[in-house]
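Coordinates in review
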Amino acid sequence: MGEGIVDELEGIHFKDKRLASRSKRILNALAQNPEASVNAACDGWSDTHAAYRFFDNKSVSPEEILKPHCEATVRRAQEHSVILLVQDTTELDYTDHPQQDAKFLADRHHRGIYMHAQLAVTPQKLSLGVVAIDFHERELESLGKSKERKTWAIEQKESFRWLTGYRRACEFGVACPAAQVVMVADRECDIYDIFVDAQEGSHSRVDYVVRAHEDRSTFERDPSRGKMGYRKVRDEVAESKVLVERTIELVETPKRKAREARVEIRAITVKVKPPHARAYLPSVTYNVVYVKEIGGPNDGTDVDWLLLTTLPIETLAEIQLVIDYYLARWAVEIYFRILKTGCRVEDILLETTHRLKNCLAMYAIIAWRVHYLTYLNRTCPTLPCTAVFTTSEWKSVWKIVTRTNIPKKPPLLSEFMVLLSQLGGYNNRPGERPFGPLPVWVGIRRMMDFAIAWEAFCEDT
């Protein structure tokens with residue numbers, strides 16, 4: 001596990017060559033104990049002090065740390081025919097222990113950083129790696145000016161990160177010419193400029209699936225809305241016929257428990273008007289897939305999705321695919337959960353934002369690795385476990401969990417991951433849901449200790 005994650009920094013380059021070696025040592029130390037503080041993860045004060053100096057070095061940046069990993073992400077993606085680039089933003093709150101130069105979140109009472117991540121995943125939700133990480137913070141004088149920002153140019157707004165994400169997806173598509181690349185995002189990405197860019201931009205176009213936030217106007221007049229009123233997209237699609245019903249799996253979120261939802265599905269193609277603040281932009285035509293829950297719990301969590309897309313919707317299979325791709329967006333939510341709960345990045349104590357961002361770049365790779373192992377087990381269960389784990393790692397876990405003799409042939413990845421998750425607290429009872437990232441990262445932390453002991457004391461190694 002440790003050696004594998006260090007490979008993600010292969011080719012890292014700094015002016016001072018010693019920084020490259022130091023970066024690998026730090027990543028390896030943090031990966032062996034993701035829940036620990038920097039002090040606890042490092043081996044003694046000299047390594048801890050060296051880590052602090054690395055994070056503080058002005059020649060070190062999150063972009064340089066992530067560059068070799070992002071390049072490895074492209075290489076992994078080139079082996080797949082369909083790649084989903086999912087993007088989302090999460091809030092990292094450091095109010096209780098702010099950095100010396102910490103800025104603001106939604107209000108003056110909360111300090112921290114917004115982290116915007118773009119991941120490459122397969123339709124089966126296997127994370128291939130980080131495409132990019134962007135950070136932004138709010139100045140005190142910018143708080144409470146959301147109405148003013150509506151008239152600003154897109155380049156001046158925080159929402160420009162979503163357009164940047166689409167353009168980055170276009171660049172990714174150039175690097176993976178044999179694959180279909182689809183950008184997938186939730187409601188905050190419902191930015192009209194993105195749809196214009198996709199329709200008329202000079203970039204190499206990729207498709208998108210974006211859940212609508214705005215109910216835009218069509219070109220059909222609606223007398224009930226006054227002389228200048230127009231019918232809305234939701235009106236149009238809601239009045240179209242139900243094409244099919246299906247059951248979808250909803251993952252657990254802070255607002256709901258995991259459950260199945262029975263939904264009815266409609267789909268149309270519409271031409272929409274630009275918003276008033278963007279009246280100078282051209283009209284846009286896109287496809288809309290409407291997913292509405294039947295007999296839901298009526299507790300505010302009922303499924304009611306307008307999915308905007310450039311993907312075709314001529315057949316039921318194509319329409320269902322749009323929904324499947326949107327459901328794969330949950331991968332980025334799980335990724336953020338690993339960062340916050342598993343790696344505990346909101347507990348990091350560093351004095352400056354520069355240090356913090358560099359440290360977060362390291363944890364961005366570690367969180368991906370945990371995410372990758374969890375879903376690799378589900379998509380490639382027949383791989384030998386030695387494809388991603390060392391001999392001392394799998395043998396020590398086998399002996400500790402099963403308390404039986406070590407087999408001559410390494411177990412399959414699917415078999416070993418169950419043992420690893422049991423090491424992390426998974427019960428593996430009949431009928432129990434598949435394990436998630438939590439027992440995996442706890443299991444990895446314990447495995448690293450056992451592997452070190454195995455190498456030190458076991459004769460057969």
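Everything discussed here concerns the structure shown above.
None of the values given here were measured: they were computed from a predicted structure.

Quick look at the overall build of the protein
When helices and strands are counted, the protein shows 15 helices and eleven strands. The C-alpha atoms of the protein give a radius of gyration of 24 Å, which matches the 23 Å a tight globule of 461 residues would have. When its C-alpha atoms are laid out on the principal axes, the protein stretches across 85 × 50 × 45 Å. For the protein, the residues scored as buried account for 53% of the 461 residues in total. In the protein, once contacts between residues fewer than 6 apart in sequence are set aside, the share between residues at least 24 apart is 66%.

Comments concerning the packing of helix 12 (residues 353-379) against helix 14 (residues 413-423)
The contact between helix 12 and helix 14 brings their axes to 9 Å, and the two run at 135°. Classified by the angle their axes make, helix 12 and helix 14 are oblique. Crossing handedness for the pair helix 12 and helix 14: left-handed. Between helix 12, through Leu373, Thr374, Leu376 and Asn377, and helix 14, the contact on the second element is made entirely by Leu413, Ser414 and Met417. When its residues are assigned to classes, the contact of helix 12 with helix 14 shows four nonpolar, three polar and no charged.

A few points about the packing of aromatic side chains
Per the counting criterion, the structure on display carries nine aromatic pairs. Considering the side-chain rings of Phe389 and Phe416, the 4.7 Å spacing of their centres and the 55° angle between planes classify their relative orientation as tilted. Here Phe389, found in the loop between helix 12 and helix 13 (391-402), pairs with Phe416, found in helix 14; they are 27 residues apart in sequence, far enough to count as distant. Classification of Phe416 as buried rests on a relative accessible area of 0%. Through pairs of rings, three or more aromatic residues link up here, namely Phe14, Phe54 and Phe55. Note that Arg329 overlies the ring of Trp330, its terminal NZ or CZ placed 4.9 Å from the centroid. The ring of Tyr375 carries Arg378 above its face, with NZ or CZ at 4.6 Å from the centroid.

How each quantity is defined
- Residues numbered from 1 in each chain as written.
- Predicted model: local features only at pLDDT ≥ 70, side-chain atom pairs only at ≥ 80, totals over all residues.
- Heavy atoms only, no water.
- Helix = DSSP H or I, 4+ residues; strand = E, 2+ residues; numbered from the N terminus.
- Rg over C-alpha atoms; globule rule 2.2 N^0.38 Å.
- Buried < 20%, exposed > 50% of the residue type's maximum accessible area, 1.4 Å probe, protein only.
- Contact = heavy atoms within 4.5 Å.
- Axes fitted to C-alpha atoms, helices over the stretch in contact; angles between N-to-C directions.
- Parallel < 35°, antiparallel > 145°, perpendicular 65-115°, else oblique.
- Left-handed = near helix turned anticlockwise from the far one by under 90°.
- Nonpolar A, V, L, I, M, F, W, Y, C, P; charged D, E, K, R; others polar.
- Phe/Tyr/Trp six-rings, centres within 6.5 Å; stacked < 30°, edge-to-face > 60°.
- Lys NZ or Arg CZ within 6 Å of the ring centre and 35° of its normal.

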